[in-house]
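Examining the three-dimensional arrangement
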There are 2 protein chains.
Amino acid sequence: MPSPSLPTVVQGPCAACKVLRRRCTDTCSLAPYFPPSEQLKFVIAHKVFGASNIVKALQELPESKRADAVSSMVYEANVRIHDPVYGCAGAISKLQKQLNDLQAELAVTQAELLIMQCQQQQQNDIASFYDRDLGSD
Amino acid sequence: MPSPSLPTVVQGPCAACKVLRRRCTDTCSLAPYFPPSEQLKFVIAHKVFGASNIVKALQELPESKRADAVSSMVYEANVRIHDPVYGCAGAISKLQKQLNDLQAELAVTQAELLIMQCQQQQQNDIASFYDRDLGSD
């Protein structure tokens with residue numbers, strides 16, 4: 001009768017090692033950020049930055065910041081794949097234009113509001129005059 | 001007596017080949033975008049994307065778009081060097097927050113303007129009533 005054994009969890013290589021067809025070891029620096037289930041995430045980042053640049057970038061950061069750095073690199077790579085000419089720079093430029101347009105619209109609306117406030121003040125003054133005038137009759 | 005000869009223009013290798021310490025040939029695909037005088041531009045783009053990824057990215061684009069692609073990659077690389085955790089994604093996030101704040105401020109200002117317009121309309125109606133009332137005396 002076979003002795004009872006604990007179930008073996010076979011996780012397999014991380015997404016990076018799977019794509020790069022290399023052995024994934026316990027010391028793999030990409031494994032924490034590219035689990036086996038997120039292969040596309042690595043393919044995207046790898047296409048734009050290259051695996052070695054991602055590894056180098058992560059090595060220069062404290063561990064607590066690496067997950068955020070990977071997320072932002074995957075985001076940027078995704079934008080670059082969708083817009084290979086302008087990438088995130090294009091997105092920033094569009095947002096800055098929208099911001100400028102909105103600031104101009106706000107300035108116009110604020111000016112209109114100020115004009116209305118002045119007009120209303122004038123009307124209040126006239127109404128007060130009428131009230132005083134009729135009250136004194 | 002030496003025969004007169006045309007002056008020789010020694011341009012030297014492009015910035016990319018100089019940094020990568022390789023011979024720059026007439027067919028160098030990076031030379032048009034990284035002239036010898038712009039070494040820092042290449043160093044920045046190379047640090048983040050890597051030379052081979054830049055070459056691959058350019059090869060996938062028509063020639064007319066390559067200069068813009070290089071500019072946007074240098075811009076993105078610059079942002080990533082200044083903010084190695086969030087890069088352009090961080091800049092986009094900040095701009096989107098500013099845009100949301102500004103949209104909220106514009107909505108409030110537009111609502112205030114609408115209220116003022118209604119109040120002024122009411123005052124105009126009252127003033128017309130007074131005018132008619134006094135006119136009929």
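Residues numbered from 1 in each chain as written. Chains lettered and ligands numbered in written order. Predicted model: local features only at pLDDT ≥ 70, side-chain atom pairs only at ≥ 80, totals over all residues. Heavy atoms only, no water.

The name recorded for chain A in an unreviewed UniProt entry is LOB domain-containing protein, from Vitis vinifera. Per UniProt, the comment on chain A under Sequence similarities (unreviewed entry) is "Belongs to the LOB domain-containing protein family." (UniProt positions renumbered as here; feature names shortened; annotations may be inferred.)

Bringing the nonpolar core into the picture now. Core analysis: the biggest nonpolar cluster contains 48 residues, and Leu-30 and Phe-34 of chain A together with Leu-30 and Phe-34 of chain B have the highest contact counts within it. Put simply, the parts of the chain that give this core at least two residues each are α1 (15–20), α2 (39–49), α3 (51–59) and α4 (63–82) of chain A together with α1 (15–19), α2 (39–49), α3 (51–59) and α4 (63–82) of chain B. With residues up to four places along the chain from it excluded, the contact list for Phe-34 of chain B reads Cys-14, Ala-15, Ala-16, Lys-41, Phe-42, Ala-45, Ile-54, Val-70 and Val-74 of chain B. Within the second largest apolar cluster, 14 residues are counted, among which are Ile-92 of chain A together with Cys-88, Leu-95 and Leu-106 of chain B. (Core = buried A, V, L, I, M, F, W, Y, C linked by side-chain atoms within 4.5 Å. Buried < 20%, exposed > 50% of the residue type's maximum accessible area, 1.4 Å probe, protein only. Helix = DSSP H or I, 4+ residues; strand = E, 2+ residues; numbered from the N terminus. Contact = heavy atoms within 4.5 Å.)

This part takes up the interface of chain B and chain A. In this complex, chain B contributes 45 residues to the contact, which on the side of chain A involves 45 residues. Counting each side, the surface lost to burial between chain B and chain A is near 4200 Å², with a carbon and sulfur contribution of 63%. The partner of Arg-80 of chain B in a salt bridge is Glu-76 of chain A, with the nearest N and O atoms 2.6 Å apart. At the boundary of chain B and chain A, one finds 15 residue pairs in polar contact (both at pLDDT 80 or more). Every element with two or more residues in the side of chain B that touches chain A is listed here: α2, α4 and α5 (87–135) of chain B. Ranked by residues supplied to the side of chain B that touches chain A, first place goes to α5 of chain B with 26 residues. (Buried area = accessible area lost by both parts, 1.4 Å probe. Salt bridge = Lys/Arg side-chain N within 4 Å of Asp/Glu carboxyl O. Polar contact = N/O pair within 3.5 Å; in protein donor to acceptor, adjacent residues only side chain to side chain.)

What follows deals with the packing of α2 of chain A against α3 of chain A. For any two helices packed against each other, one specifies the crossing angle of their axes together with the interaxial distance. Residues and elements named next belong to chain A. The geometry of α2 relative to α3 is characterised by a closest axis approach of 7 Å and an angle of 95° between their N-to-C directions. Judged by the inter-axis angle, α2 sits roughly perpendicular to α3. Note on element contacts: α3 touches α2 through Ala-51, Asn-53 and Ile-54, opposite Phe-42, Ala-45, His-46 and Phe-49. (Axes fitted to C-alpha atoms, helices over the stretch in contact; angles between N-to-C directions. Parallel < 35°, antiparallel > 145°, perpendicular 65-115°, else oblique.)

For the rest of this paragraph, the subject is the pattern of salt bridges. As enumerated under the stated definition, the model contains eight salt bridges over all chains in all. Glu-60 of chain A is paired through a salt bridge with Lys-47 of chain B; the nearest N and O atoms lie 3.2 Å apart. Taken together, the positions of Glu-60 of chain A in the loop between α3 and α4 and Lys-47 of chain B in helix α2 put the pair across two chains. Residue class for Glu-60 of chain A comes out exposed when judged on its relative accessible area of 55%. Residue Lys-47 of chain B is classed as partly exposed on the basis of its relative accessible area, which comes to 44%.

The positions that UniProt labels "coiled-coil region" (unreviewed entry) are, in the present scheme, residues 92–119 of chain A. Counting secondary structure, residues 92–119 of chain A comes out at 100% helix and 0% strand; the distance between its end C-alpha atoms is 40 Å.

Another point: the environment of Ala-45 of chain A. Residue and element names in this part refer to chain A. By secondary structure assignment, the location of Ala-45 is in helix α2. The class of Ala-45 is buried, set by a relative accessible area of 1%. Along the sequence, Ala-45 and Lys-94 sit 49 residues apart, while their C-alpha atoms lie 23 Å from each other. If near-sequence neighbours (up to four positions away) are discounted, Ala-45 is found in contact with Phe-34, Gly-50, Ile-54, Val-74 and Ala-77.

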